[in-house]
Every structure is written in C-alpha cells, then in structure tokens.
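Residues per chain are reported as follows:
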Amino acid sequence: MPQALACAELIERYDFVSPAAAQLLHRTGWYLQERALYTQAENLLRHAQAIREQALGSEHPETAVTLNNLAILY
C-alpha cells in the first residue's frame, strides 16, 4: 500500500493522464474503500474517474466501472 500511495502522489504531482495511472488509482481506491477508509478512497476514485474520462472518454466501460464504484462508495 505505501508504494501505491506514493505512486498516486506522483500521478497527481506530475498530472499523468494514462489508462495505467487511472487503473492504479482505481484499484487503490477500491482497496481503501473495502477497508472503510472512505475519504482516501473517494479522493483516489474521483481522480481515477477524471483521468479515465480524459484518456478514454465518458462512454468507455472502464470509465463506467469507476463511476459505479464511486456510486457504491456514496
């Protein structure tokens, strides 16, 4: 988990926009959500959603999965 969070910080700092960056944020956010760390999970899932919309488009299935996980979180 420390490595994933360090990567999340770098993704944000350097404004990476790639499917791989979104995947890492999405999976880390989902992991944190499952452990009831909702605030941290929300931040990562929202960032993953923004990247996926930008990189893949709003109609892409992976974008929809992240949006669904945000809905579950809320």
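Further up the page is the structure itself.
Residues numbered from 1 in each chain as written. Predicted model: local features only at pLDDT ≥ 70, side-chain atom pairs only at ≥ 80, totals over all residues. Heavy atoms only, no water.

Of the regular secondary structure elements, the protein chain holds four helices and zero strands. Written out in order from the N terminus, the α and β elements of the protein chain read α-α-α-α. Computed over its C-alpha atoms, the radius of gyration of the protein chain comes to 11 Å, within 12% of the 11 Å expected for a compact globule of 74 residues. Within the protein chain, the proportion of its 74 residues that are buried is 32%. Considering only contacts within the protein chain whose residues lie at least 6 apart along the sequence, 54% involve residues at least 24 apart. (Helix = DSSP H or I, 4+ residues; strand = E, 2+ residues; numbered from the N terminus. Rg over C-alpha atoms; globule rule 2.2 N^0.38 Å. Buried < 20%, exposed > 50% of the residue type's maximum accessible area, 1.4 Å probe, protein only. Contact = heavy atoms within 4.5 Å.)

The subject of this paragraph is the packing of helix 3 (residues 38-56) against helix 4 (residues 61-73). Interaxial distance between helix 3 and helix 4 falls to 9 Å at its minimum, and their mutual angle equals 155°. Looking at the two axes, helix 3 sits roughly antiparallel to helix 4. Handedness of the crossing formed by helix 3 with helix 4: left-handed. Across from Tyr 38, Ala 41, Glu 42, Leu 45, Arg 46, Ala 48, Gln 49, Arg 52, Glu 53 and Leu 56 in helix 3, the residues of helix 4 making contact are Glu 62, Thr 63, Thr 66, Leu 67, Asn 69, Leu 70 and Leu 73. Its residues assigned to classes, the contact of helix 3 with helix 4 comprises eight nonpolar, four polar and five charged. (Axes fitted to C-alpha atoms, helices over the stretch in contact; angles between N-to-C directions. Parallel < 35°, antiparallel > 145°, perpendicular 65-115°, else oblique. Left-handed = near helix turned anticlockwise from the far one by under 90°. Nonpolar A, V, L, I, M, F, W, Y, C, P; charged D, E, K, R; others polar.)

Among the nonpolar cores identified, the biggest contains 13 residues, and Ile 11, Leu 25, Leu 44, Ile 51 and Leu 73 are the most heavily contacted of them. Mapped by element, the contributors of at least two residues to this core are helix 1 (2-13), helix 2 (19-34), helix 3 and helix 4. Considering each element in turn, this core owes the most residues, five residues, to helix 3. In contact with Leu 44, other than residues within four places in its own chain, are Leu 5, Ala 8, Leu 25, Thr 28, Gly 29 and Leu 32. (Core = buried A, V, L, I, M, F, W, Y, C linked by side-chain atoms within 4.5 Å.)

Below, the discussion takes up the pattern of salt bridges. Throughout the structure, instances matching the rule amount to two salt bridges. Between Arg 52 and Glu 62 there is a salt bridge, with the nearest N and O atoms lying 3.6 Å from each other. Taken together, the residues Arg 52 in helix 3 and Glu 62 in helix 4 connect sequence positions ten residues apart. When its relative accessible area of 30% is taken as the criterion, Glu 62 is described as partly exposed. (Salt bridge = Lys/Arg side-chain N within 4 Å of Asp/Glu carboxyl O.)

Read these as layout, nothing more, since geometry by itself doesn't imply function.
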